[in-house]
Amino acid sequence: MKKDNENRVMRPWYLTAGPEVDVAASSRVRIARNLAGVDFPTRLSTEEKKELGDRIVGKFLAAPGIDPKDWVDVRLIDMDEPGCLSLVEKRLISPELLQNRETARVLIRRDESASLMIGEEDHVRIQAMAPGYDLKRAYDEAESLAKILEAELSVAFTEELGFLTACPTNVGTGLRVSVQLHLPALVMTRELKGLAEALQKAGLAVRGDHGESSAAAGHMFQISNQCTLGVSPQTTLQELTTVVDQLIERERAARETLARHSRLALEDRVWRSLALLQNARSLSEQEAVRLLSDIRLGYALGWLDKENLSWELICRLWAEVGPGSVQRREGEILEPQQRDYKRAEIVRELFAAEREKD
Amino acid sequence: MKCTRCHKNEASIEYKSIINGRSREENLCADCARELGLSFAGGTAPSWESLAGMFGNLYNPNWGQMWLPGSLTPDQREVCPHCGMTWREFRSCGRLGCADCYGAFADQLKGLYARVQRGTKYEGRQPAGSQSAAATVADEIAELRAAQALAVKNEDYEQAARLRDRIRALSGEGGSK
């Protein structure tokens, strides 16, 4: 990220425990917009894409209600590989944006709770994130940023179809709302598979977080809407809320069942995972995420609350174990084996820092 | 993808032919297609009509993974007049080229909406800002003009001049937008 004198250090949004934190990790809203009179990115030359970036960034940062000091302007071409990867891990940019690295640009709010991706599938993708289950907060934030942009630059819109997007699956509201849920008990009790199928039939998507193999190990799932045309933003939010409410309740019920019927086995697993995280000298990403999932569950159940743990530490650990974040901390590209040593070291350091806080 | 004939140029034309019951797939560059006598001028791709005429109705794309599998119907040969995107190209990459594509492929997209969307009519707010702001300014100018005309009629030239200046100021702002 750009270093300058105005680089204010802000506490990242994800270290705060949000509503329903025992099950809900975060809420996210993404809004797609394209400028009127400019072809969609597939039809633009490299030069045109760069110009587009300058135009959007210039207008947005000069808009009323925007303090340019709150935003960091990043051209991905200027950023090293680990830096880019860590932005993907923090979901500030999408993997697709990284594929267009030469022209891709992103504005990131300093607390990392919002970003504007420029030069992805659409001209601009605005996203806002909030800790825990707080779709309204993320939605209001993303909407207010979208409105600021629309007031500055006229956007592709028709009365019939709404906001026009490069992919017709986003046309209309251009809105994708999602909640990231930690569902270890529904996975262990094998209820999730059936639920996921039912949700898909209801027009919602259930995905492993980041779509990576480590996500399955971490029991993190993203529930999001699919439709953007013929359904209002309010209905979209309401429908997702109804489903997420139920999933949270089901997960809690499954945890209770597990705690009742297999308390010893589950407790043993949670404690072993804590010991491994605190002492291991090498951790692969997948293992780290699996262990973190266990202690997240144990902490939510109240079993580990006297063990120098906090939601902040759990959230921080989760954010720091990705390969991009590990290498970015180290400042260089590491071989996988070195990376695993480094990851274990970072995890131990974070536990130690938490102990010193008390 | 490289041309399957010269292995040098980028392929821009894909077709399937069935000859004596054996199907064959080719991806040709514009040059090779011309050499093979596919009639079209100036290096532009042949129309689907001309290809279909040449090979019979044999074109059977297999890129319909997500939507509308099957062969091309006449209305799927459309080309966006603004950006040149063809419906076929869209089907293979899943991205439209520009806002005008929505008009050019309106009929085909309706079929897609039926599968992946909830309806065909937008539900939501209008874009914020510039347009409505511009409308407000235009309304205000119109009101001022009417007042100015009235002032002139009443021979209140001072008032008319004041109104003229305000109209100028407002139009100036509108013009710089």
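Residues numbered from 1 in each chain as written. Chains lettered and ligands numbered in written order. Predicted model: local features only at pLDDT ≥ 70, side-chain atom pairs only at ≥ 80, totals over all residues. Heavy atoms only, no water.

**Let's talk about the overall build of chain B**
Item 1. When helices and strands are tallied, chain B shows seven helices and two strands.
Item 2. Along chain B, from the amino end to the carboxyl end, the secondary structure elements read β-β-α-α-α-α-α-α-α.
Item 3. Across chain B, contacts joining residues at least 24 apart in sequence account for 33% of those joining residues at least 6 apart.
Item 4. As displayed, chain B offers around 10,600 Å² of accessible surface, 51% of which is attributable to carbon and sulfur atoms. (Helix = DSSP H or I, 4+ residues; strand = E, 2+ residues; numbered from the N terminus. Contact = heavy atoms within 4.5 Å. Areas by Shrake-Rupley, 256 points an atom, 1.4 Å probe, with all protein chains shown as cover.)

**Points about the pattern of salt bridges**
Opposite charge on two side chains lets them pair, provided their charged atoms get close.
All names here are of chain A.
Item 1. Applying the stated criterion across every chain yields a total of 34 salt bridges over all chains.
Item 2. With a shortest N-O distance of 3.4 Å, Glu121 and Arg125 are connected by a salt bridge. The pair Glu121 / Arg125 is uniform in exposure class, with both members buried.
Item 3. The shortest N-O distance in the salt bridge between Arg252 and Glu249 comes to 3.1 Å. Residue Arg252 and its partner Glu249 are both found in helix H8 (residues 233-261); the two are separated by three residues, about one turn of the helix.
Item 4. We classify Arg252 as partly exposed; its relative accessible area is 24%.
Item 5. Under the relative-accessibility criterion, Glu249 is labelled partly exposed at 47%. (Salt bridge = Lys/Arg side-chain N within 4 Å of Asp/Glu carboxyl O. Buried < 20%, exposed > 50% of the residue type's maximum accessible area, 1.4 Å probe, protein only.)

**Let's talk about the domain arrangement of chain B**
Item 1. If you check the domain split of chain B, you get domain 1 (1-39), domain 2 (82-123) and domain 3 (133-172).
Item 2. With centres defined by C-alpha atoms, the gap from domain 2 of chain B to domain 3 of chain B works out at 45 Å. (Domains from an automatic or database assignment.)

**Concerning the nonpolar core**
Residue and element names in this part refer to chain A.
Item 1. Counting 88 residues, the largest nonpolar core has Val29, Phe60, Leu181, Ile223, Ile295, Leu309 and Phe351 as its most contacted members.
Item 2. It is H8 that contributes the most residues to this core, nine residues altogether.
Item 3. In terms of domain composition, this core takes at least three residues from each of domain 1 (13-253) and domain 2 (263-356).
Item 4. Each residue touching Phe60, except ones within four places of it in the same chain, is listed here: Ile66, Trp71, Leu107, Leu116, Leu145, Ile148 and Leu149. (Core = buried A, V, L, I, M, F, W, Y, C linked by side-chain atoms within 4.5 Å.)

**What to know about the domain arrangement of chain A**
In many reports, interface size means the accessible area that the parts give up when they come together.
Residues and elements named next belong to chain A.
Item 1. According to the domain assignment, chain A contains domain 1 (13-253) and domain 2 (263-356).
Item 2. The gap between the C-alpha centroids of domain 1 and domain 2 is 27 Å.
Item 3. Listed by partner, the interface residues are 24 residues for domain 1 and 24 residues for domain 2.
Item 4. Three residues stand out in domain 1 for area buried against domain 2, namely Leu15, Pro82 and Glu89, and they jointly supply 26% of the buried area on that side.
Item 5. Across the domain 1-domain 2 interface, the total number found is zero salt bridges.
Item 6. At the junction of domain 1 and domain 2, the tally comes to six residue pairs in polar contact (both at pLDDT 80 or more). (Buried area = accessible area lost by both parts, 1.4 Å probe. Polar contact = N/O pair within 3.5 Å; in protein donor to acceptor, adjacent residues only side chain to side chain.)

**What to know about helix H12 (residues 323-330) of chain A**
An α-helix turns once every 3.6 residues. As a result, residues three or four positions apart point the same way.
All names here are of chain A.
Item 1. Buried within H12 we find Pro323, Gly324, Ser325, Val326 and Gln327.
Item 2. Packed against the buried residues of H12 are helix H2 (81-89), helix H10 (285-300), helix H11 (311-320) and helix H13 (336-357).
Item 3. Once H12 finishes, Gly331 follows within two positions and takes phi at roughly 80°, a positive value.

**Things to note about the interface of chain A and chain B**
Item 1. Each partner contributes to the interface: chain A provides 38 residues, whereas chain B provides 33 residues.
Item 2. Taking both sides of the interface into account, the surface hidden between chain A and chain B amounts to around 3,100 Å²; carbon and sulfur atoms contribute 53%.
Item 3. Between A:Arg43 and B:Glu89 there is a salt bridge; the shortest N-O distance is 3.1 Å.
Item 4. Here chain A and chain B share 22 residue pairs in polar contact (both at pLDDT 80 or more) between them.
Item 5. Looking at the side of chain A that touches chain B, the elements that each hand over two or more residues are helix H4 (135-152), strand S7 (162-163) and H8 of chain A.
Item 6. No other element matches H4(A), which puts five residues into the side of chain A that touches chain B.
Item 7. Looking at the side of chain A that touches chain B residue by residue, the class counts come to 17 nonpolar, 11 polar and 10 charged. (Nonpolar A, V, L, I, M, F, W, Y, C, P; charged D, E, K, R; others polar.)

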